[in-house]
Amino acid sequence: MRIDIITVLPEMLDGFVNTSILARAQKKGLVEIHVHNLRDYTLDKHRRVDDYPFGGFAGMVMACQPIDACISALKAEREYDEVIFTTPDGEQFDQPMANELSLKRNLIILCGHYKGIDYRIREHLITKEVSIGDYVLTGGELAAAVMSDAIVRLVPGVLSDEQSALSDSFQDNLLAAPVYTRPAEYKGWKVPEVLLSGHEAKIKEWELAQSLERTQRLRPDLLEKK
Ligand code: 6GU
């Protein structure tokens, strides 16, 4: 899978893209993430990518030309399954959306900024508008990073143990059961007895009961989705 992220702040994403699981996934050849600086595509002699809004509103608006030039250059190389725009008024990102997007081959994520982008871009070039939650971020870069992380870890082979993505919290609308490691007792704090028993069926039963109890207590709204 390939993700192309278009941004005015590429340095904000460079660290993220070249670290940890994402770096490993790219080294293994399972995913490619390319960060594009929108300023490289502007025809403005001052490298500007925004302009004053018609109608005299406050703030600046990202102009059509650089965005269109960047997306067109990418589309000339390959076909894209989605051209995503990060915006607080988009559809809420969640695990089912991450699952769906992890099955795609090529994605563009355009990071929003300033007051917004010229609406014609949203009408003509964007295929999906996504928010990561009901709060306002300064720009779409963190949203693009959150989405890329959630999507890439679902690509087969990215996580060492594929099971571990399948048993994530939310994957079945249940929160995950608690996990423990050695020692079995630390400062008098004990690991639940059943986990030391080696009795596989009993352990599974305990995990499910824990998942249900934690979901009921912490996120009852998830149980209504089942
Ligand atoms: Cl995608 N962008 C911005 N600027 N703020 C947000 C968001 C996106 N999702 C939640 N808040």
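Anything mentioned here points back to the structure above.
Keep in mind the model is a prediction, meaning the values are calculated, not measured.

This paragraph deals with the pairing of strand 5 (residues 82-92). Here five bridges tie strand 5 to strand 6 (residues 106-111), and the two strands are oriented parallel to one another. For V83, the partnering residue across the bridge sits in strand 6 and is I108. This β-α-β element, strand 5 to helix 4 (residues 95-102) to strand 6, shows right-handed connectivity. Note that strand 5 and strand 8 (residues 128-131) share five bridges and pair parallel. Bridge pairing links F85 to E129 in strand 8.

With that settled, consider the site of the ligand. The full set of residues close to the ligand is T86, T87, P88, V130, S131, I132, G133, Y135, V136, L137, G139 and A143. Taking I132, its main chain carries an N or O atom lying 2.9 Å from a nitrogen atom of the ligand. Between the ligand and the protein, one listed contact pairs a nitrogen atom with a backbone N or O atom of Y135 at 2.5 Å. Computed on the free molecule, the ligand has an accessible area of 290 Å², of which 96% lies beneath the protein chains in the complex. Among the elements of the structure, strand 5 and strand 8 are those that each provide at least two residues to the shell around the ligand. With three residues, the single largest contributor to the shell around the ligand is strand 5. For the shell around the ligand, the class distribution of residues is seven nonpolar, five polar and no charged.

So, how was this worked out
- Residues numbered from 1 in each chain as written.
- Predicted model: local features only at pLDDT ≥ 70, side-chain atom pairs only at ≥ 80, totals over all residues.
- Heavy atoms only, no water.
- Pairing = 2+ DSSP bridges.
- Helix = DSSP H or I, 4+ residues; strand = E, 2+ residues; numbered from the N terminus.
- Right-handed = clockwise from strand over helix to strand, strands pointing away.
- Near = heavy atom within 4 Å.
- Polar contact = N/O pair within 3.5 Å; in protein donor to acceptor, adjacent residues only side chain to side chain.
- Areas by Shrake-Rupley, 256 points an atom, 1.4 Å probe, with all protein chains shown as cover.
- Nonpolar A, V, L, I, M, F, W, Y, C, P; charged D, E, K, R; others polar.

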